[in-house]
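These are the residues of each chain, in order.
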Amino acid sequence: MEYTFKQVLPKIAAYCSYQDRCRQEIENRLIKWEYSYEDWPEVFAWLKDNKFWDEERYAASFVRGKFRGNKWGKRKIKMALYQKGVPQEIGNKALSEIKDEEYQEVALKLAIKKVERLREKGEEAHIVKGKTLQYLAGKGFESQTCYNAVDDAIYRLDNDLEEEEW
């Protein structure tokens, strides 16, 4: 069924107000509804004018959710934004909102948990370090961040340091 402009507006507005959407998600929905491609610019202009769609707001929300909720690193978030068609400048701006201190802390906490789990299984020291590095890299953290977090985690666990002493 094809929709007219007046029919598609409430549907797309409801779709966008449920959660922030990127352009690609909106385009996919318009394709699903078989809405005429020639009329898309008018729909996007209306959505932007009425604050239902904002690529910067979407990117900031996406970054916050993936970092704080999923504990993803910047590399993985950047790739996901790229796959969603978010312009690089907008993605970089959203990623810059992650504070370095918080970023390092998340990587360290992930490393500590992973090292503890691997040690409980009785893994050898070099295996623990390698698997933890691989785990953090898979979460999207940069190489240097991974190495620093793993070294800190092993040091703190070996010296039995409590969180307050960090």
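Residues numbered from 1 in each chain as written. Predicted model: local features only at pLDDT ≥ 70, side-chain atom pairs only at ≥ 80, totals over all residues. Heavy atoms only, no water.

## Re the UniProt feature "domain: RecX third three-helical" (unreviewed entry) in the chain
Line of reasoning, step 1. Using the residue numbers shown here, the UniProt feature "domain: RecX third three-helical" (unreviewed entry) corresponds to residues 101–149.
Line of reasoning, step 2. Structurally, residues 101–149 comprises 84% helix and 0% strand, and the distance from its first C-alpha atom to its last is 12 Å. (UniProt positions renumbered as here; feature names shortened; annotations may be inferred. Helix = DSSP H or I, 4+ residues; strand = E, 2+ residues; numbered from the N terminus.)

## As for helix H3 (residues 40–49)
Line of reasoning, step 1. Those residues of H3 that fall on the buried side of the exposure criterion are Trp40, Val43, Phe44 and Leu47. Down the axis, H3 shows its buried residues gathered within 95° of arc, on one side only. Within H3, the exposed residues directed more than 90 degrees away from the buried face are Pro41 and Asp49.
Line of reasoning, step 2. Looking at the packing, one finds that the buried side of H3 touches helix H1 (5–18) and helix H2 (23–32).
Line of reasoning, step 3. Two residues or fewer past H3, Lys51 is found with a positive phi of approximately 60°. (Buried < 20%, exposed > 50% of the residue type's maximum accessible area, 1.4 Å probe, protein only. Arc of directions from axis to C-beta. Contact = heavy atoms within 4.5 Å.)

## Some details on the pattern of salt bridges
Line of reasoning, step 1. Under the counting rule described, the total for this entry stands at ten salt bridges.
Line of reasoning, step 2. Of the charged contacts, one joins Lys74 and Asp100 as a salt bridge, the two residues approaching to 3.8 Å between their closest N and O atoms. Of the two residues, Lys74 sits in helix H5 (residues 74–83) while Asp100 sits in helix H7 (residues 100–120), which places them 26 residues apart along the sequence.
Line of reasoning, step 3. Here Lys74 falls in the buried class, since its relative accessible area comes to 19%.
Line of reasoning, step 4. Take Asp100: its relative accessible area is 53%, and that puts it in the exposed class.
Line of reasoning, step 5. For Lys131, the salt bridge goes to Glu123, with nearest N and O atoms at 3.2 Å.
Line of reasoning, step 6. Residue class for Glu123 comes out partly exposed when judged on its relative accessible area of 29%. (Salt bridge = Lys/Arg side-chain N within 4 Å of Asp/Glu carboxyl O.)

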